[in-house]
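# A look at the structure
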Amino acid sequence: MKITKSIFICSSLLIVALSACSTGQSSSVSINESSSSSEIVSESSSSYFSSSSINVDGLWDNSQDYLRTGTKNYSFYNLNDFHGSVEQNLDSMEVGISYLSNYLKREQENNPETGYIFTNSGDMWQGSADSNITRGKLVIDWLNSLNCRAQAIGNHEFDWTVTTIEENTGYMNFPLLGCNVIDTNTNEIVDWIEPFETITVNGLHIGIIGAIGQDLESSILQSCIEGIEFVNPVDTVKEISNFLRQNGADFILFLHHDNEILNELYGYVDLVFNGHSHTKQNELIKNVVPVLQAYCNGRDISKCSVSYDFTKNLIIYDYSNTEVVELFKENLTNDVATDELYQYYLDNYINDIKNEVVGYTKSGISRDEIANLCAEYMYDYYCEQGKNEYVIHAATTNSSRAEIGEGDITYGDLYKSLPFDNMLEVIKIKYTDLNYYKNFSGYYYSNTSAPQSEYVYVVTIDYLEQKFVSYGNECTVVDSYPIYPRDLMKEYISRDYPTL
């Protein structure tokens, strides 16, 4: 197949774009159709996309055809790696859903003639008591209220298994996208996800393609993705883009839960919103196509303004990341409708669990201190079970996600710090493999001697054990305990209350 829209770059604006990319400022770049440009030919050989069952007559809202004249403006907004940051915590630069709603609604009200497109690029549900207790439904309801148009799947969407993902898609008024999430039994895209979405906004035909980073299986509890593979998305994205452009797409938006800059997609996508690395990106594919990522936890919102000339097929970009914490100083206020939504969930599902006081700290606890304390408690917990079948050489866990401030420690604080539903295990590994586990943030050495040529026993979590095995290492699970690290912390911190 051939892409029907070839590309010519306005060199004078390209200089502006390169300068802006290096300084982090917003910039403009133009793309327009030129018969002198060579067409870009797809060399796709391993696409997982099939268009045979798609009704092309239903791709676009033809009732908006009368708007396809002159030049119109569009604003694309995207969140990434929100991790359930529903509550406002300005000390952590998290503005919460009420202020985020206020910002997005003000953007629409202040620019009534501009097309509004709001999306996200994954890892939206997992990460706080508010969202975890409701298994992401609070966040989904909030996104629905803001007319979110699509979501790329992230690695942490898998934390509650595919069953929960399928259930949550039933609550979503927008599709979950992942064109490279493959069922290894059928070698096709899994049937509970969509490869792309099409929307029409103020006459503009927008194709939205979603994908997850191809190497992110190692960031997921392996038992949650049995029979699933994340393949290189490039060929499939090209194939979908070809199909959409040949059937009327004016603009291709790519939602990618990864931080890579995929230069191979030049000419196939017009804008990329990345995720996963929790960094700020203002970059360009081939010095032309904006690639944006806005930190995490709602600290920033990626924004790209586009002017589209329907007569010349001309695109003009103006892109930036909007620091919402800074906007707070510009009189952002609460959004009443969002507050009512949040309060409903607090009253009916969250408060009784989240607000339980389990301990106290005089000086606060850093992320590293939480991880090391958790590892020590894991060791103590095993010793207290009374079995003592194995001489434990060490205990280890992964990093904490948030520090705990001074004062009362609530169960919600522990949820924010240790949000993942990982179980404790006792594993048998080679002594020489201990170095693998020493690399993690939470590590407790028991001072128990062990023969260096033999095996040792370690208390850890199932995520680290399964990741270790996925790398081809020798490991035997000899015991397991149905308790999450945050619940273990709750038990031991409450014993030390109020002296921690």
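Residues numbered from 1 in each chain as written. Predicted model: local features only at pLDDT ≥ 70, side-chain atom pairs only at ≥ 80, totals over all residues. Heavy atoms only, no water.

### Describing the confidence of the model for the chain
A low pLDDT means the predicted coordinates there should not be read in detail. For the chain, per-residue confidence averages 88 on the pLDDT scale, and residues scoring 70 or more make up 88% of the total. Per-residue pLDDT stays below 50 along residues 1-44; that stretch engages in 103 contacts with residues further than four places along the chain or on separate chains. (pLDDT = per-residue confidence, 0-100. Contact = heavy atoms within 4.5 Å.)

### What to know about the packing of helix 9 (residues 367-384) against helix 13 (residues 485-496)
Put simply, helix 9 and helix 13 touch, their axes get as near as 9 Å, and they point 85° apart. Looking at the two axes, helix 9 sits roughly perpendicular to helix 13. Packed against helix 9, whose contacting residues are Ile-370, Leu-373, Cys-374, Tyr-377, Met-378, Asp-380, Tyr-381 and Glu-384, the element helix 13 presents Pro-485, Leu-488, Met-489, Glu-491, Tyr-492, Ile-493, Arg-495 and Asp-496 at the interface. Here the contact of helix 9 with helix 13 is composed, by residue class, of 11 nonpolar, no polar and five charged. (Axes fitted to C-alpha atoms, helices over the stretch in contact; angles between N-to-C directions. Helix = DSSP H or I, 4+ residues; strand = E, 2+ residues; numbered from the N terminus. Parallel < 35°, antiparallel > 145°, perpendicular 65-115°, else oblique. Nonpolar A, V, L, I, M, F, W, Y, C, P; charged D, E, K, R; others polar.)

### Points about helix 4 (residues 137-145)
Counting buried positions along helix 4 yields seven of nine residues, so the element is predominantly enclosed. When we look at burial in helix 4, the residues that qualify are Lys-137, Leu-138, Val-139, Ile-140, Trp-142, Leu-143 and Asn-144. Where helix 4 terminates, the next one or two residues include Asn-147, which has phi positive at roughly 55°. (Buried < 20%, exposed > 50% of the residue type's maximum accessible area, 1.4 Å probe, protein only.)

### Focus on the nonpolar core
Residues Phe-158, Val-181 and Trp-192 are the most contacted members of the largest nonpolar core, which totals 100 residues. No other element matches the nine residues that helix 9 contributes to this core. The residues contacting Val-181, other than those within four sequence positions of it, are Ile-153, Phe-158, Glu-188, Ile-189, Val-190, Trp-192, Ile-193, Ile-212, Ile-228, Glu-229 and Phe-230. (Core = buried A, V, L, I, M, F, W, Y, C linked by side-chain atoms within 4.5 Å.)

### Considerations on the pairing of strand 13 (residues 271-274)
It is a general feature of regular strands that their side chains alternate between the two faces of the sheet. Along strand 13, one buried face is formed by Leu-271 and Phe-273 and the opposite face, lined by Val-272 and Asn-274, is buried too. Bridge analysis of strand 12 (residues 251-257) against strand 13 gives four bridges, and the strand direction is parallel. Looking at the pairing, His-256 lines up with Asn-274 of strand 13. (Pairing = 2+ DSSP bridges.)

### Side note on the layout of surface pockets
Put simply, the largest pocket is a space of about 950 Å³. Asn-89, Ser-92, Glu-94, Ala-402 and Lys-416 are, among the 33 residues lining the largest pocket, the residues nearest its centre. For the lining of the largest pocket, the elements supplying multiple residues, two or more each, are helix 3 (129-133) and helix 10 (411-417). Along the lines of polarity and charge, the residues of the lining of the largest pocket split into seven nonpolar, 15 polar and 11 charged. (1 Å grid on protein atoms, 1.4 Å probe; cavity = no way out; pocket = protein on both sides within 12 Å on 5 of 7 lines; lining within 4 Å. Points joined across faces, edges and corners; volume = space filled by probe spheres on them.)

### Examining empty space enclosed by the protein
In the structure shown here, the tally under the stated rule is three cavities of 30 Å³ or more. Approximately 60 Å³ is the volume attributed to the largest cavity. Lining the largest cavity, in full, are Thr-397, Asn-398, Ser-399, Leu-418, Pro-419, Phe-420, Asn-422 and Pro-485. Residues of the lining of the largest cavity, tallied by class, amount to four nonpolar, four polar and no charged.

### Section: the sheet that holds strand 24 (residues 476-481)
Within the open sheet, the five strands sit side by side as 22-19-23-21-24. Their pairing is mixed. Of all strands in the sheet, those bounded by a partner on one side alone are strand 22 (442-445) and strand 24. Within the sheet, the average angular offset between the axes of one strand and its neighbour, ignoring direction, is 20°. Two strands pair when backbone bridges link them, and strand 21 (residues 424-430) and strand 24 are joined in this way by five bridges, in the antiparallel orientation. Note that in strand 24 the partner of Glu-425 across the bridge is Ser-480. Seen against the sheet, helix 9 touches strand 19 (392-397), strand 21, strand 22, strand 23 (455-461) and strand 24 and runs at an angle of roughly 140° to strand 19.

### As for the packing of aromatic side chains
Scanning all chains against the criterion turns up 23 aromatic pairs. For the ring pair Tyr-379 and Tyr-444, a centre distance of 5.2 Å and an interplane angle of 45° mean the geometry is tilted. Of this pair, Tyr-379 sits in helix 9 while Tyr-444 sits in strand 22, placing them 65 residues apart in sequence. Among the residues examined, Tyr-379 registers a relative accessible area of 15% and is labelled buried. Here the aromatic rings of Tyr-411 and Tyr-415 are separated by 5.3 Å at their centres, their planes lie at 65°, and the arrangement is edge-to-face. With Tyr-411 and Tyr-415 both in helix 10 and four residues apart, this pair spans about one turn of that helix. A relative accessible area of 9% places Tyr-411 in the buried class. Given a relative accessible area of 7%, Tyr-415 falls into the buried group. Among the aromatic residues, ring-to-ring pairing joins Tyr-436, Tyr-437, Phe-468 and Tyr-471 into one connected group. (Phe/Tyr/Trp six-rings, centres within 6.5 Å; stacked < 30°, edge-to-face > 60°.)

### Digging into helix 2 (residues 96-110)
The end-to-end C-alpha separation of helix 2 is 21 Å, in line with the 21 Å expected for 15 residues at 1.5 Å each. Within helix 2, burial applies to Gly-96, Ile-97, Ser-98, Tyr-99, Leu-100, Ser-101, Asn-102, Tyr-103, Leu-104 and Glu-107. (Expected span 1.5 Å × (residues − 1).)

### Overview of the environment of Asn-282
On the secondary structure map, Asn-282 appears in strand 14 (residues 280-285). The exposure class assigned to Asn-282 is buried, which follows from its relative accessible area of 9%. Residues Asn-282 and Leu-292 lie 10 residues apart in sequence; the distance between their C-alpha atoms is 5.1 Å.

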